[in-house]
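# What the coordinates show
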Amino acid sequence: MLQGGAIQSQGNSVERETGGWRVQRPVVDMEKCTHCMICWVFCPDGSILVDEMRFTGFDLVHCKGCGICAVECPAKCIDMEGEAALLEEGAITS
Amino acid sequence: MTVAGRAPIRESSEPKTSVGLSGGLAVAEAMRQTRPDVVACYPITPSTIIVEKFDEMVADGKVATEFVAVESEHSAMSACVGAAAAGARAQTVSSSQGLAYMWEVLYSAAGLRLPIVIHCANRTLSSPINIHCDHSDTMGARDSGCLQLFAENAQEAYDNALMAVRIAEHPDVLLPVMHTQDGYTVTHSVERVDLVPDAAVTEFLGAYEPKVSLLNLENPVSMGPVISPHYGPDVKLPAVEAMLHARDVIASVGREFGELSGRHRGLTEPYRLDDADVAMVLLGSTAGTARVVVDGLREEGIKAGLLKVRSFRPFPDEEIAGALEGKSAVAVMDRSLSAGAGANPLFEDVCVSMYSHAVNVPLVNYVYGLGGRDTFPGQLAGVFQELLKIGRTGRRIPMVRYL
C-alpha cells in the first residue's frame, strides 16, 4: 500500500477476504447438480469453483452468501443455510 | 515617494519589496507568487479579501491558475482534493462557517496525504452570527490531520503562506497545511510587508513532482479505495508519523526562509522569555499586544515574558515545556472554547507538554477575545499581576478564567 492508502498493484481483489460477511452459506446437493454452469455465470464474486467444466464447490473465503446461485440454479440443487448454525456445528468456513 | 494628489515625478521600474498591505492582500500576493495550478474557493468574510484579490489577479492574467468558482466550501475542498490527487498544486481559502462546511473533506485530504494549502482567516462560529475573530473555526479542524500555523501579523501571514507550500509538499510530510491569521485584526489592517521577489519564491518552492498521482501514467494508482478494518491503522498511523516529522520540516524550511528573507520563523517564538519569572502563551495577533505589555512590565522591574506558538499542529511539546521550565507561573491564553472540557484547547496541549516532559509549573487558562471582543493591554497586564500572585501563593483556583 502506498501513502494515503493508494493502491498500485492490479487484480488484487482476491486478497480481500469477504467470506466473513456471510450470514447464509450455499450448500449443494451434488446428486442433483447437472454442471450447467448457470451458477458460475451469475455469481457476482467469482466464488464458484470449477474444474474441467464441472462444478466442484464454493470458494467460501470470498463467497458473501448473497444467494443468487441458489435462486438461479435450474436444478434447484443449492440451499442457503444459516452460517451461525453451521459454525456452531463446527463446519469449516472454507 | 509620491505626494497625494500629484502625479508621481519618477517611478522606479524595480518592483517594490516593501509595501503597505493588509494581511489578506499579502496572502493573495503570496498565492500569486506560489503559482498554484488550481485554486477552488467560495468567498466568506473575512477571508473574502484574499479570494477576490486572487481572482482578480487570475482575471488580469497575472497568474495562470485554474480558478474554480464553486458553489460551496464543501465543493471547494473537494475540488482541491481532486486536483491534488491528479498531481496539481491546489489551494483554497476560507473562514468560520465555510471552514466548518469543509470539515469532512479536510479529513479526506489529510487521509489521502494531499499537500493542499488552506489559507484561513479566523472568525468565530455561529451562533450568535458574528463576523469577527476568535479561533473556534480552525480549532474545529484541530484533529483533521492538517497542519496548523498561526500568524501574528500581515508579514507572518505572508511568510507562512509561502512556507506552507514547501512544508506541505515535503516528502516526509505530504499533508494539508492550514495557515491562519486573525480576521480583521490582521486580514484588514494595512501594515508594512516585505515581499520576497517572484524569482526567489519560485526557486525557494522548486517544482512539485508528486510520487503518487492519478495522472502519472507510468505508475497508475487507485486512490481512496475502501479498506477493511484490518488496514485502518496502516493508513492512519503513517499520517501521525508524518505530522511529527513536520516539526523538523517546519524548522528547516523556516531556517531556509530566514536565509532568503532575513526573517527566521521557528515553531514557537519566545519574547523576553529566558529570564522571565511569569509568562504568557498564546496564538495569533494578540502576541503583538502582549509584547507591548511585557515591555511595560519590564520597565517596572517585573520579569514578564511571552511565548508565541506559531505551529499549533504539530504541537512543539518538548520545545514549549523546555521554554516554560522554571517559571513561577504561566498563563495559557485561549481564544476558543471546548465546552465541558477541563480547560480549553491551547491550555490542554500545553498541560500535556509539561506533563510529558516532567516540567511542573503552575498553569492557568484564560479565555479572551471570544467573538472578536477586544483585548486591551491593561487586561493582559492584569493577567501578569495575577500570575505574580499565583507564583507567590501557589493558589491557582479557578484554573479557567475569562477576560
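Residues numbered from 1 in each chain as written. Chains lettered and ligands numbered in written order. Predicted model: local features only at pLDDT ≥ 70, side-chain atom pairs only at ≥ 80, totals over all residues.

## Thoughts on the overall build of chain A
Across its full length, chain A holds three helices and four strands. Along the chain direction, N to C, the helices and strands of chain A fall in the order β-α-β-β-α-β-α. Along the first, second and third principal axes, the C-alpha atoms of chain A reach 50 × 35 × 20 Å. A buried classification covers 18% of the 94 residues belonging to chain A. (Helix = DSSP H or I, 4+ residues; strand = E, 2+ residues; numbered from the N terminus. Buried ≥ 20, exposed ≤ 12 C-beta atoms within 10 Å, placed from the backbone.)

## Brief notes about the environment of Ile118(B)
Residues and elements named next belong to chain B. Residue placement: Ile 118 occurs in strand β5 (residues 117-122). Overall, Ile 118 belongs to the buried group, with 30 C-beta atoms counted inside 10 Å. A sequence separation of 79 residues divides Ile 118 from Val 39, and the C-alpha atoms of the two residues are 9.9 Å apart. What Ile 118 contacts, discounting residues up to four positions off in sequence, is Thr 92, Ser 94, Cys 146, Pro 176 and Met 178. (Contact = placed C-beta atoms within 7 Å.)

## Digging into helix α12 (residues 377-393) of chain B
Residue and element names in this part refer to chain B. Helix length check: α12 (17 residues) gives 25 Å between terminal C-alpha atoms against 24 Å at 1.5 Å per residue, within 8%. Those residues of α12 that fall on the buried side of the exposure criterion are Leu 380, Val 383, Phe 384, Leu 387 and Ile 390. One side of α12 holds all its buried residues, which, seen down the axis, span an arc of 115°. Exposed residues lying more than 90 degrees from the buried face of α12 are Gly 378, Arg 392 and Thr 393. Of the surrounding elements, those touching the buried residues of α12 are β10 (278-282), α9 (286-299), β11 (304-309), β13 (329-334) and β14 (363-367). (Expected span 1.5 Å × (residues − 1). Arc of directions from axis to C-beta.)

## A closer look at the sheet that holds strand β2 (residues 38-41) of chain B
All names here are of chain B. Spatial ordering of the open sheet is given by β3-β2-β4-β5-β7-β6-β12, a layout of seven strands whose pairing is mixed. Only two strands of the sheet have a single neighbouring strand rather than two, namely β3 (66-69) and β12 (311-313). The mean angle between the axes of side-by-side strands here comes to 20°, regardless of whether they run parallel or antiparallel. Summarising the sheet, β5 and strand β7 (residues 177-182) pair through six bridges and their orientation is parallel. In the strand pairing of β7, His 119 is matched with His 179. Helix-sheet contacts for helix α6 (residues 154-169) involve β5, β6 (147-150) and β7, and the interaxial angle to β7 is about 170°. (Pairing = 2+ DSSP bridges. Axes fitted to C-alpha atoms, helices over the stretch in contact; angles between N-to-C directions.)

## Considering the interface of chain B and chain A
Contact residues are listed per partner, giving 16 residues for chain B and nine residues for chain A. Per-element tally for the side of chain B that touches chain A: the top contributor is helix α8 (residues 232-261) of chain B, with three residues. For the side of chain B that touches chain A, the class distribution of residues is nine nonpolar, five polar and two charged. (Nonpolar A, V, L, I, M, F, W, Y, C, P; charged D, E, K, R; others polar.)

## Here we look at the sheet that holds β11(B)
Residue and element names in this part refer to chain B. Strand order in the open sheet formed by six strands is β9-β11-β10-β13-β14-β15, with mixed pairing between adjacent strands. With one partner strand each, in any of the chains shown, β9 (268-271) and β15 (400-402) form the two edges of the open sheet. Along the sheet, successive strands turn relative to each other by an average axial angle of 20°, direction set aside. Alignment of β9 against β11, held across four bridges, turns out to be antiparallel. From the neighbouring strand, Thr 268 faces β11, where its bridge partner is Val 309. The sheet contacts of helix α11 (residues 345-356) involve β10, β13 and β14, and relative to β13 the element is tilted by about 140°.

## Description of α6(B)
Residues that lie three or four places apart on an α-helix share one face, since the helix turns once every 3.6 residues. Residue and element names in this part refer to chain B. The end-to-end C-alpha distance of α6 is 23 Å, a good match for the 22 Å that 16 residues give at a rise of 1.5 Å each. Of all the bends in α6, the greatest measures close to 30° and is centred on Met 163. The element α6 is largely enclosed, with a buried count of 16 among its 16 residues. (Bend = angle between axes of the 7 residues up to and from the residue.)

## Overview of the pairing of β3(B)
Residue and element names in this part refer to chain B. Relative to β3, β2 runs parallel, the two sharing four bridges. Of the residues in β3, the one forming a bridge with Ala 40 is Val 68. Crossover handedness for the path β2 to helix α2 (residues 48-59) to β3: right-handed. (Right-handed = clockwise from strand over helix to strand, strands pointing away.)

## Quick notes on the domain arrangement of chain B
All names here are of chain B. Under the domain assignment, chain B is made up of domain 1 (18-261) and domain 2 (268-402). Across the contact, 25 residues belong to domain 1 and 21 residues belong to domain 2. Looking at the side of domain 1 that touches domain 2, the element that brings in the most residues is α8, giving five residues. When grouped by side-chain class, the residues that make up the side of domain 1 that touches domain 2 number 11 nonpolar, nine polar and five charged. (Domains from an automatic or database assignment.)

## What to know about the packing of helix α3 (residues 73-85) of chain B against helix α4 (residues 96-111) of chain B
Residues and elements named next belong to chain B. Axis separation between α3 and α4 bottoms out at 7 Å; the angle between their running directions is 25°. In terms of their interaxial angle, α3 and α4 are classed as roughly parallel. Of the two possible hands of crossing, α3 and α4 adopt the one that is right-handed. Each of Glu 73, His 74, Ala 76, Met 77, Ser 78, Cys 80 and Val 81 in α3 lies in contact with α4, whose residues at this interface are Gly 98, Leu 99, Tyr 101, Met 102, Val 105, Leu 106, Ser 108 and Ala 109. (Parallel < 35°, antiparallel > 145°, perpendicular 65-115°, else oblique. Left-handed = near helix turned anticlockwise from the far one by under 90°.)

## Overview of the nonpolar core
Membership of the largest hydrophobic core comes to 114 residues, with the highest contact counts inside it found for Cys80(B), Ala109(B), Ile167(B), Leu175(B), Val177(B), Ala279(B) and Val281(B). With 10 residues, the top contributor of residues to this core is α6(B). Lining this core are residues from two domains, each supplying at least three of them: domain 1 (18-261) and domain 2 (268-402) of chain B. With residues near it in sequence (within four places) discarded, Val281(B) still touches Leu307(B), Val309(B), Val330(B), Val332(B), Met333(B), Leu346(B) and Val350(B). Counting nine residues, the second-largest nonpolar core is a separate cluster that includes Cys39(A), Cys43(A), Cys63(A) and Ile78(A). (Core = buried A, V, L, I, M, F, W, Y, C linked by C-beta atoms within 7 Å.)

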